[in-house]
Amino acid sequence: MKKIINIILLIFVLITAVFVSAAMGQTKVQVLTKTLDGHEKWTKGMKLEINGENAVIHCEAHPGNSITYEIEIIAKHADKERAENDLKKMKWISGRQGKTLFMRNYIELAAGDARPESSLKVIWHIKIPESCPLTINNYFGEITIENTNSTINIISEFASIELINTKGEIMVESKFGDISGKLMDGRIEIKSTRSNIHLEKAAGIIIIDAMLAQINLEDFTRLEVLNLEAEKSEISINTGNKFRYLLDLENTDFEKPAWMIYDPPDKNESIRKVNFIELPDRPIIQIKQSIGTLEIN
Amino acid sequence: MNLSTPIVLLTVAAFFISMAGKAQTDSLGYAAEYHHDSLVEYLTPIEYAFMFHEETKWLLKSNLLINSDYGSVSNLKLSLEKKIVKGFSLNAVLFNYTGFNLGINPFGTDDYGIELSLESRWYYKHQKYIRKNKPTANLSGSYLALGAGYRKAFTSWTSATEHTNLEFIPLFAKWGIQRRFLKRGFVDVGLMAGWNKSLSGDSWSTLFFNTYVDAGLAFTRDRQKLDFDKLCPVLRCHAADRFLLKTNLVNIINLAYVRESMIGSIAPNISAEFKIGTSPFSINTKLGSKFQYSRMLNHDFNTYAMSPQLTIEGRYYYSLHRRMLMGKSGNGLSANYISLGATYRGQYYTHNSDGNNYREGSSFVGLKVGTGIQRLISEHLYLDLNIGFGYGIAYNYTGNPRIYSNKGKAIFDLGFGIGYRF
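Residues numbered from 1 in each chain as written. Chains lettered and ligands numbered in written order. Predicted model: local features only at pLDDT ≥ 70, side-chain atom pairs only at ≥ 80, totals over all residues. Heavy atoms only, no water.

J.: Residue-level account of the overall build of chain A, with values.
T.: Regarding its fold elements, chain A presents two helices and 19 strands. For 297 residues, the compact-globule estimate of 2.2 N^0.38 gives 19 Å, and the C-alpha radius of gyration of chain A, at 26 Å, exceeds that figure by more than 25%. Its C-alpha atoms give chain A principal-axis dimensions of about 80 × 75 × 35 Å. Of all 297 residues assigned to chain A, the portion counted as buried reaches 43%. Considering only contacts within chain A whose residues lie at least 6 apart along the sequence, 50% involve residues at least 24 apart. Surface accessibility of chain A: about 14,800 Å² in total, with carbon and sulfur atoms responsible for 50%. (Helix = DSSP H or I, 4+ residues; strand = E, 2+ residues; numbered from the N terminus. Rg over C-alpha atoms; globule rule 2.2 N^0.38 Å. Buried < 20%, exposed > 50% of the residue type's maximum accessible area, 1.4 Å probe, protein only. Contact = heavy atoms within 4.5 Å. Areas by Shrake-Rupley, 256 points an atom, 1.4 Å probe, with all protein chains shown as cover.)

J.: Go over the nonpolar core with me, naming the residues and quoting the values.
T.: Membership of the largest hydrophobic core comes to 70 residues, with the highest contact counts inside it found for Leu48, Ile67, Trp124, Ile126, Ile208 and Phe220 of chain A. Ranked by the residues each element gives to this core, the list is headed by strand 16 (residues 223-238) of chain A, at six residues. Both of domain 1 (28-146) and domain 2 (178-297) of chain A provide at least three residues apiece to this core. Judged by nonpolar contacts, the second largest core, of 14 residues, contains Met51, Leu226, Val234 and Ile377 of chain B. (Core = buried A, V, L, I, M, F, W, Y, C linked by side-chain atoms within 4.5 Å. Domains from an automatic or database assignment.)

J.: Before we move on, could you go through the pairing of strand 2 (residues 47-62) of chain A and cite the residues and values that matter?
T.: Residue and element names in this part refer to chain A. Burial analysis of strand 2 places 13 of its 16 residues in the buried class, the great majority of the element. Taken together, the five bridges between strand 2 and strand 5 (residues 100-107) define a ladder with parallel strand orientation. Bridging across to strand 5, Ile50 finds its partner in Met103. Where strand 2 meets strand 8 (residues 134-146), 12 bridges bridge the pair, whose relative direction is parallel. Residue Glu60 lies in a different strand from strand 8, and its bridge partner there is Glu146. (Pairing = 2+ DSSP bridges.)

J.: Kindly report on the side chain of Asp384 of chain B, identifying the contributing residues and their values.
T.: Residue and element names in this part refer to chain B. Relative to the elements of secondary structure, Asp384 occurs in strand 18 (residues 381-398). A polar atom in the side chain of Asp384 sits 3.4 Å from the side chain of Asn386. Those residues in contact with Asp384 that lie beyond four places of it in its chain are Arg315, Tyr337, Ile373, Gln374, Gly415, Phe416 and Gly417. (Polar contact = N/O pair within 3.5 Å; in protein donor to acceptor, adjacent residues only side chain to side chain.)

J.: Account for the packing of aromatic side chains, naming residues and giving values.
T.: A ring pair, where both rings are aromatic, is described by two values, the distance of the centres and the angle of the planes. Summed over the entire model, instances satisfying the criterion amount to 19 aromatic pairs over all chains. Considering the side-chain rings of Tyr245 of chain A and Phe276 of chain A, the 6.4 Å spacing of their centres and the 45° angle between planes classify their relative orientation as tilted. Of this pair, Tyr245 of chain A sits in strand 17 (residues 244-255) while Phe276 of chain A sits in strand 18 (residues 271-276); the two residues are 31 residues apart in sequence, bridging distant segments of the chain. By relative accessible area, which is 1% here, Tyr245 of chain A ends up buried. The exposure class assigned to Phe276 of chain A is buried, which follows from its relative accessible area of 3%. Here the aromatic rings of Phe50 of chain B and Phe52 of chain B are separated by 6.5 Å at their centres, their planes lie at 40°, and the arrangement is tilted. (Phe/Tyr/Trp six-rings, centres within 6.5 Å; stacked < 30°, edge-to-face > 60°.)

J.: For the state of the cysteines, give the residues involved together with the corresponding values.
T.: Evaluation of the coordinates by the stated rule reveals one disulfide over all chains. With a sulfur-sulfur separation of 1.6 Å, Cys232 of chain B is cross-linked through a disulfide to Cys237 of chain B. Since its relative accessible area comes to 2%, Cys237 of chain B is described here as buried. With no disulfide of its own, Cys59 of chain A lies 7.8 Å from the sulfur of Cys132 of chain A, the closest cysteine sulfur. (Disulfide = S-S within 2.5 Å.)

J.: Let's hear about unusual backbone geometry: which residues, and what values?
T.: Positive phi, close to 65°, is recorded for Ile291 of chain A, a residue that is not glycine. Since its relative accessible area comes to 40%, Ile291 of chain A is described here as partly exposed. We note that Ser378 of chain B has phi near 55°; this positive angle belongs to a residue other than glycine. Here Ser378 of chain B shows up in the loop between strand 17 (356-377) and strand 18. Residue Ser378 of chain B is classed as partly exposed on the basis of its relative accessible area, which comes to 22%.

J.: An account of the side chain of Asn396 of chain B is requested, with residue identities and associated values reported.
T.: Residue and element names in this part refer to chain B. Tracing the backbone shows Asn396 in strand 18. Exposure remark for Asn396: the relative accessible area of 19% places this residue in the buried category. Among all residues touching Asn396, those that are not within four sequence positions of it are Gly361, Ser362, Ile403, Tyr404 and Ser405.

J.: Could you give me a rundown of the environment of Gly314 of chain B, with the residues and numbers involved?
T.: Residue and element names in this part refer to chain B. As for its placement among the helices and strands, Gly314 is situated in strand 15 (residues 301-316). Under the relative-accessibility criterion, Gly314 is labelled partly exposed at 29%. Separated by 26 residues in sequence, Gly314 and Leu340 have C-alpha atoms that sit 5.5 Å apart. In this structure, Gly314 is in contact with Ser282, Ile338, Ser339 and Leu340, ignoring residues within four places of it in sequence.

J.: Give me the lowdown on the pairing of strand 8 (residues 206-219) of chain B, citing residues and values where you can.
T.: All names here are of chain B. Note that strand 1 (residues 58-63) and strand 8 share four bridges and pair antiparallel. Across the sheet, Ser62 pairs through a bridge with Leu217, a residue of strand 8. Bridge count for strand 7 (residues 185-198) against strand 8 is 12 bridges, and the pairing is antiparallel. When the sheet's bridge partners are listed, Met192 is paired in strand 8 with Asn210.

J.: Can you explain the pattern of salt bridges? Please cite residues and give values.
T.: Residues and elements named next belong to chain B. Applying the stated criterion to the full structure yields 24 salt bridges over all chains. Salt-bridge contacts for Lys230 lead to Asp227; the nearest nitrogen and oxygen are separated by 3.3 Å. The exposure classification of Lys230 matches that of Asp227, with both residues buried. Residue Lys368 pairs with Asp413 through a salt bridge whose shortest N-O separation is 3.3 Å. Within this pair, whereas Lys368 is found in strand 17, its partner Asp413 is found in strand 19 (residues 403-421), the two being separated by 45 residues in sequence. For the pair Lys368 and Asp413, a shared accessibility class is recorded, and that class is buried. (Salt bridge = Lys/Arg side-chain N within 4 Å of Asp/Glu carboxyl O.)

This is the structure in structure tokens:
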């Protein structure tokens, strides 16, 4: 009996220790936020270029003739003084050079300065006129663009990209950052390395060059041409039998739909070239894939 | 009672283990930036800046190393280097040199000439690079070279109106280190020794040995676009340098043995630059002196020369804000500038011949305006290319007893500094 009581006591003490220590182990994190806001008058032909680091960039179109911005710089650290010092190291600057308005956030280090220990993040809320051309460079973070009708140029690494209802000439170059798009229209050019691509209800001319990606394309609306070149990728296209297909597949597992009947039939060769023209007046989907999978539904 | 000891121990252990697990807080990690899987990823940022990622089959080089600080010497050199087989290249050089007399040199000589040469280079670390999985075909590396050429030289002694036309066949061997830098730059430094066979008479044939520094623009066809974000640690696009202490290493040591004469010079210099607050203005001061000794081995004649220089100038970095906005620089001292300042420079000679001393010298004090490009590279390097014009008074003395004279004088400066930052 005494032994059982001791065992119960042991379990009780252990559980208590775990919970107590868990409660004690929580560290209060100091969160410091600095907010900047302002606006710049926009005239036709003026471009906006954003150079961000550790930035979460939300950009959307608005009806006014101005570029408005609200920037939150956030530093998190257990030590308030450290967070304050690190917050000062994160700089935000803007200025016009010719017809381009530049905005940049970056960590600035003077000689002898230690690198920041706080978790630093900058959240951008930008509103631009619908037709304002936009360039964004970002490293580590997120980019969201909505409702624009202009030229968009994005170069990013380790940053997820979301484009919603964007029209115009759109160029995206991403490494290690997933790209998703809804209701995109125009000339869309995507170059991705280790970045998954998901496009829904895209229209216009779509050019994709991808390496090591999961590519998922759904429900095209008014597609003019799709040119997809991929390497070591998994491609899934869900469109139905509405297009012509020109496939050049090398070492690719191809799961073809029942409606796709072409001549000559597959002979399980490592290289397959397929020209499927059931609807000759329909836009063409051209896919060149080297190593990977392809699924068309 | 037997159980109580392990219970206490277990409790303490569990407490510490759980504390260690829970005490972690958010922090911003700075991992190494290059962990990708292409060729570039295995290179350090400085190797990337040296263009190790590009297979360079040929390189057209234009030497911009024009130095008129002390010797009033201007060089223009065009080279075409072409890789022939693994580790070997051919380098063709068209070289024009001019020793302008700007009036400071009391000898009043003008020298100019042209040289065409061809050398074969062996990049002898080729195999080592292969073992380390580094790219080997980028014409960047340490090399040994053998070459030959043709030189036509013209000298005028303006004080005596004596002119000399000379033709040479130079045969030479070199050891050097060449690096491409970014897309359009190169540096080539080393030692050179050889024999100038004169076609104008055996008395002009001579052995030579000297150091050399070539730097300037390089052109080739590159496959990849440079990613400036990868170069951030090299180009210091986050740095806000407020104070620079720097020394120009170009031509800091020159050794030459030419026509039975030994010439050696050392040009120590130090510059300090202070940024004024966070503004684009700075104060730059430069103090230096070139000490030169030459000795004719077949005559009792030697010369000591000293060329001190002091410059104090204010600089306005007009492109700093633009570079900051474009992500190419922090709020430091790495941008294009214009400058206005005062300069003093002198040249003092003591000639010893058969136990007799003869002294002469000149100095210049004046104002100077200029423009230039300064870039801070990595932790300890900098580059400063500048051009300037000035006006002031030149003082000359010569002869025994001394004859002093002074007159208004304009100066023209071209400077190419590659150096070390402390």
